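Residue-level structural notes
Here's the letter readout for the chains.
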Amino acid sequence: MEKYLENNYQFQPKIAIHLGKIDDVYSEELKNKLNILKENNITGMELNLTEFEQINPIEFKNYLNEFDVNLTKIATGSIASKYNLSLSDTNKDIRNMTIEKCKKLIEFASNFNAGIVFGYIKGGTAEDRSTAVELFIDSLMKLSEYSYNYQVPLIVEATNRYETSLANTVEEAVELIKGLDSPYLRVLPDTYHMNIEEINFSETLFKYFNYFDSLHLSDNNRFYPGYGSIDFYSLFRFLKCLNYKGTFAIEGNIKNNFESDLKVSLDMIKSIVSRL
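None of these values were measured; they are calculated from a predicted model. (Residues numbered from 1 in each chain as written. Predicted model: local features only at pLDDT ≥ 70, side-chain atom pairs only at ≥ 80, totals over all residues. Heavy atoms only, no water.)

1. Comments concerning the side chain of Ser 165
- If you trace the backbone, Ser 165 turns up in the loop between strand 5 (154–157) and helix 6 (170–177).
- Given a relative accessible area of 10%, Ser 165 falls into the buried group. (Helix = DSSP H or I, 4+ residues; strand = E, 2+ residues; numbered from the N terminus. Buried < 20%, exposed > 50% of the residue type's maximum accessible area, 1.4 Å probe, protein only.)

2. What to know about the packing of aromatic side chains
- Using the criterion set out here, one finds 18 aromatic pairs in the structure.
- Note on Tyr 146 and Tyr 150: the rings are 5.2 Å apart at their centroids and 40° apart in plane angle, and the pair reads as tilted. On the criterion of helical spacing, the pair formed by Tyr 146 and Tyr 150 is a turn pair, its members being 4 residues apart in helix 5 (residues 129–150).
- Ring centres 5.8 Å apart and planes at 40° place the aromatic pair Phe 212 and Tyr 244 in the tilted group. On the criterion of sequence distance, the pair formed by Phe 212 in the loop between helix 8 (201–207) and strand 7 (214–217) and Tyr 244 in the loop between helix 9 (232–241) and strand 8 (247–250) is long-range, its members being 32 residues apart. With respect to class, Phe 212 is no different from Tyr 244; both count as buried.
- The structure contains a cluster of three or more aromatic residues connected by ring pairs, namely Tyr 26, Phe 52, Phe 60, Tyr 63, Phe 67, Phe 108 and Phe 112. (Phe/Tyr/Trp six-rings, centres within 6.5 Å; stacked < 30°, edge-to-face > 60°.)

3. Describing the packing of helix 9 against helix 10 (residues 258–275)
- Following both chains from N to C, one finds helix 9 and helix 10 inclined at 50°, their axes separated by 10 Å at the closest point. Here helix 9 lies oblique to helix 10, going by the angle between them. Seen along the crossing, helix 9 lies across helix 10 with a hand that is right-handed. Packed against helix 9, whose contacting residues are Phe 232, Tyr 233 and Phe 236, the element helix 10 presents Met 268, Ile 269, Ile 272 and Arg 275 at the interface.
- By residue class, the composition of the contact of helix 9 with helix 10 is 6 nonpolar, no polar and 1 charged. (Axes fitted to C-alpha atoms, helices over the stretch in contact; angles between N-to-C directions. Parallel < 35°, antiparallel > 145°, perpendicular 65-115°, else oblique. Left-handed = near helix turned anticlockwise from the far one by under 90°. Contact = heavy atoms within 4.5 Å. Nonpolar A, V, L, I, M, F, W, Y, C, P; charged D, E, K, R; others polar.)

Written out as structure tokens, the structure reads:
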């Protein structure tokens, strides 16, 4: 791994933002946030679209173009919560309902060249973890061919043990996808969850570098980066040394307000990049 530490190319990280649950994509709330993103030259956005079937994808894509913003990923947590969805539920009807909802989401996402993040929709904590893993892989197998046809990435997020029994570590996320042999299956490391589950950020990211092209940045207290104690300088420095070309997506709870919290994170990132 030491040979990677000699890389001195100019590092210009691609920054995106995870905006969370949005019920009305034409609301003043989202419009204000889109204006803030445009002012800060952030062109990538992730959304939790609970009622995506009510959205005309072409109209919404044109709307986002007014702000020079692209929908890069669609999260599934709010859909899973509202409709009691799970890709690993022991109830076959629930699993099938979830698979069908995901297929519709794949079709929707294809209009934006966006990926779909499987976090909470993987399923919660299970009494029998091995059964949950088998059921999830079976569901993912059924969805992988569908996503391949639409060229939509399905991204398994590594989330901590207190939220789910599936893919707590990045290694476990990779184990879920690597046997399915699809270029549209990826994993998503998240620094908040990694801080709970991983022994060493650098070793994990180095080992599974070929399985991810996006990274969620969230501090140890689940606020935006810069409000907690995670060493983001070392993280950026290491990924620079690996010649990482993927996206960094800011995510977390709001501490003060969106605009000021975003500024804290962006200022921190700019400071880090200037010192690399």
